[in-house]
Amino acid sequence: IIFVRAHSVLPEKDSLYELALRQLAANYPENIYTGEVMYHLTDYHLGLGNKYVAGKDDRYRLEKKRAVEICDEAIRKFPDTQGQNMCSNLHMDC
């Protein structure tokens, strides 16, 4: 999925990427690798949140909050996994 997003020329590639990650997480809620999927979803929302400029456009205003929520859920649901470690490290950037 990451490769496809990086090399896609479709204008909606970001929304398709997010949708694919959400579907993976929903389809495999108990799989330990879902923590890694949630990490990538967190990273996606964090990237959107970094685009927010106060007073200019509120479109990305709550994206970092959403990133923290996804990250916290992954840490809680998948302890002692690679996804939990990845999210814990990324949580410091949120």
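All of the points below concern the structure found in this document. Fair warning: this is a prediction, and the values are worked out from it, not measured in the lab.

Following the criterion strictly, the structure yields four salt bridges and no others. Measuring nitrogen to oxygen at the nearest pair gives 3.1 Å for the salt bridge that ties Glu-18 to Arg-22. One end of the pair, Glu-18, and the other, Arg-22, are both in helix 2 (residues 13-27), four residues apart, so they sit about a helical turn from each other. You can call Arg-22 partly exposed: its relative accessible area is 31%. For Arg-59, the salt bridge is made with Asp-57, and the minimal N-O distance between the two is 3.3 Å. Classification of Asp-57 by relative accessible area gives partly exposed; the value is 34%.

Glancing now at the environment of Asn-50. Topologically, Asn-50 is positioned in the loop between helix 3 (34-49) and helix 4 (63-77). When the C-alpha atoms of Asn-50 and Arg-61 are compared, they prove to be 9.0 Å apart, with eleven residues separating the residues in sequence. A polar atom in the side chain of Asn-50 sits 3.0 Å from the side chain of Lys-64.

Procedures and definitions
Residues numbered from 1 in each chain as written. Predicted model: local features only at pLDDT ≥ 70, side-chain atom pairs only at ≥ 80, totals over all residues. Heavy atoms only, no water. Salt bridge = Lys/Arg side-chain N within 4 Å of Asp/Glu carboxyl O. Helix = DSSP H or I, 4+ residues; strand = E, 2+ residues; numbered from the N terminus. Buried < 20%, exposed > 50% of the residue type's maximum accessible area, 1.4 Å probe, protein only. Polar contact = N/O pair within 3.5 Å; in protein donor to acceptor, adjacent residues only side chain to side chain.

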